[in-house]
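# Structural characterization, general
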Amino acid sequence: MTIGIDKISFSTSHYVLKMSDLAQARGEDPKKFSQGLMLDALSITPITEDIITLASSAASEILDDLDKQAIDMVIFATESSLDQSKAAAVYVHGLLGIQPFARSIEMKEACYSATAALNYAKLHIEKHPESKVLVLASDIAKYGIASAGESTQGAGAIAMLVSQNPRILALNDDNLAQTRDIMDFWRPNYSDTPYVNGMYSTKQYLDCLKTTWTEHQKRFNSTLSDYAAFCFHIPFPKLAQKGLQKIMDKQLSENRKTLLIQNFQDSIAYSRQVGNIYTGSLYLGFLSLLENSQNLKSGDKIGFFSYGSGAVCEIFSGQLVDGFQDQLKSSRLEQLSQRTPLSVKEYEEMFYEETQLDQDGNACFRQYQTGPFALTAITEHQRQYQKV
Ligand code: HMG
C-alpha cells in the first residue's frame, strides 16, 4: 500500500504589499528585497481573514462530499494559534461539514509541525487504510512594523488530503528528524510578535540542513543524483537557495545540477509573491514546483527539508505518482497577480488592526475582501465565522 498526498491546495489573502513600496518606505534599496531576499510581494490579511478562514478556504477547494465522509482526522499545524484551548481544527471541521466521527487537533513546533502532522496522518492510514486525513498548515507571519523581520512576513494556508493510493505523491519511509534546543526565533504567550535572532536563525537553518542531510545520506544511502527536486522550508527564497547550494554535491553531473536548480526556481515562484507562511511554506514550495515545473514526471523522487525554529527539522522524500498533473491548477500566479495592492500606510493599518472588544466580549468588524469564509464578529468571546 502506498500512502501520501492525494490532493493539495493553497489559499492566501486578497491583499498584497509590494516589496518595492516597502523598500521605499523603509529607506532600503529595493534590490535588497528583490535580490537579497528574493521576494517580490507579501500577502497581507485583514482582521476578518485568519488562520481558520485561510485553512477552510484552502481545504474547500479540494474536498468533495466523499472526502468529507472518509476524513476521520483533521490536523491543524500552526504557530498563530487563536485559542490556548480549542483547536483551530475543530472550527474547520464544522465549517466544512466533515462527518462527526473524526479526531480534530492542533499541533505546534514553529514552522515544522505540518511535517509531524503529515507523518501522523501516514501512520494513522497504515492502521486504517480506508481513512483519509486532512492536514492543514495555516499561519500569519507578523514581525512588527519596521522590525528586522518585517520584510519576511506573509500569510497563507496549505491543505493536504492524505490517503492510501494517493494521486500526487507517495511518501517514502526515510524520515530523519533533528532537535536542537536553541533560541533563534520564539514567541512567548504574552507577545503578539516573535523575538528573533535573525542572522543566528539563518545559520541554524543551514547547519541543521547540512548535518541532517549528512546523516540521512549515511542512514538511507541517499544521494542527490536520485532526486529530481528538493523542496525547502522557505522563510524567504534566498535562504532556501543557500540551502540548495549547501547540499549540492560536487560529484553531480551537470545535467542533474541544472535540473535541481531549474526545479528549485519553480519551487520558489509562489513564495516570492506571498512571503513566509510558516508551517505551510515547505508545502507551498512543493505546490509551486508541481504547478510550474515543465520537466517533472511520475516516478520522480522529491526531497523535503522541513525546519521549525526552536528547533526541529526533518528530511524525507516521496515519489510522484502517475497522473499527478491532473490534480493541479495552472492559474495560481495569475490569481496572485489579482490581489488588491496596499500602500505601506494601508498595510500598517490593516495588518496590525486589533480587535476592539466591549466589556461583554463582543466585537464587530469592517467589511474586507476575504476568501469563501470570513470572521464576521465576536460574540461573548466566541468567534463567529460565516460562508460569504
Ligand atoms: P536584514 O538585516 O534585513 O538583511 O536581515 P541583510 O542585511 O542580512 O541582507 C539580506 C541579504 O540582502 C544579504 O544577502 C545581503 O547581502 C543582501 P546574503 O549576503 O545573505 O546573501 N543585500 C542586497 N542585495 C542586493 N542589493 C542590495 C542589498 N543589500 C543587502 N542593495 C533577516 C535578514 C533574514 C535576518 C531578517 O529578515 C529576519 O530576521 N527575518 C526573520 C527571521 C528569518 O526569516 N530567519 C530564517 C531562518 S529561521 C526559519 O526559517 C524559521 C522561521 O520560518 C520561523 C519558524 O520556524 O516558525 C523564521
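This text gives an overview of the structure that appears in the document. (Residues numbered from 1 in each chain as written. Predicted model: local features only at pLDDT ≥ 70, side-chain atom pairs only at ≥ 80, totals over all residues. Heavy atoms only, no water.)

## Remarks on the site of the ligand
Cut-off, in case you're wondering: Each residue is tested against the molecule or strand, and it is near if at least one of its non-hydrogen atoms lies within 4 Å. In protein, a polar contact means a hydrogen-donor-capable atom and an acceptor-capable atom, both N or O and within 3.5 Å, with residues adjacent in sequence counting only if both atoms are side-chain atoms; elsewhere, any N or O pair within 3.5 Å suffices. With residues, only the protein chains shown are counted as cover, and all accessible areas are computed by Shrake-Rupley using a 1.4 Å probe. Helix numbers and strand numbers start at the N terminus; a helix is a DSSP run of H or I with at least 4 residues, a strand a run of E with at least 2. The classification used treats Ala, Val, Leu, Ile, Met, Phe, Trp, Tyr, Cys and Pro as nonpolar, Asp, Glu, Lys and Arg as charged, and all other residues, Gly among them, as polar.
Residues in close proximity to the ligand total 31 residues, the closest being Glu79, Cys111, Ser201, Lys242 and Ser309. Here a nitrogen atom of the ligand and a side-chain polar atom of Asp29 are 2.9 Å apart. In the model, an oxygen atom of the ligand is placed 3.1 Å from a nitrogen or oxygen of the Asn276 side chain. Relative to its free-state accessible area of 1,100 Å², the ligand is covered by the protein chains to the extent of 75%. Looking at the shell around the ligand, the elements that each hand over two or more residues are helix 2 (30-37), helix 7 (198-220), helix 8 (237-247) and strand 13 (301-308). With five residues, the single largest contributor to the shell around the ligand is helix 7. The residue inventory of the shell around the ligand, partitioned by class, reads 14 nonpolar, eleven polar and six charged.

## Digging into the sheet that holds strand 15 (residues 340-341)
Definition in use: Each pair of strands is called paired provided DSSP finds at least two bridges between the two strands. A contact between two residues is defined here by any heavy atoms of the two lying within 4.5 Å. Whenever a helix is involved, its axis is fitted only over the stretch in contact; in every case the axis is a line through C-alpha atoms, and angles between N-to-C directions fall within 0 to 180 degrees.
As summarised here, the arrangement of the three strands in space is 3-2-15, forming an open sheet in which the pairing is mixed. The two strands at the open ends of the sheet, each matched to only one other strand, are strand 3 (41-44) and strand 15. Pairing between strand 2 (residues 15-18) and strand 15: two bridges, direction parallel. In the strand pairing of strand 15, Tyr15 is matched with Thr340. Helix-sheet contacts for helix 1 (residues 19-26) involve strand 2 and strand 3, and the interaxial angle to strand 2 is about 55°.

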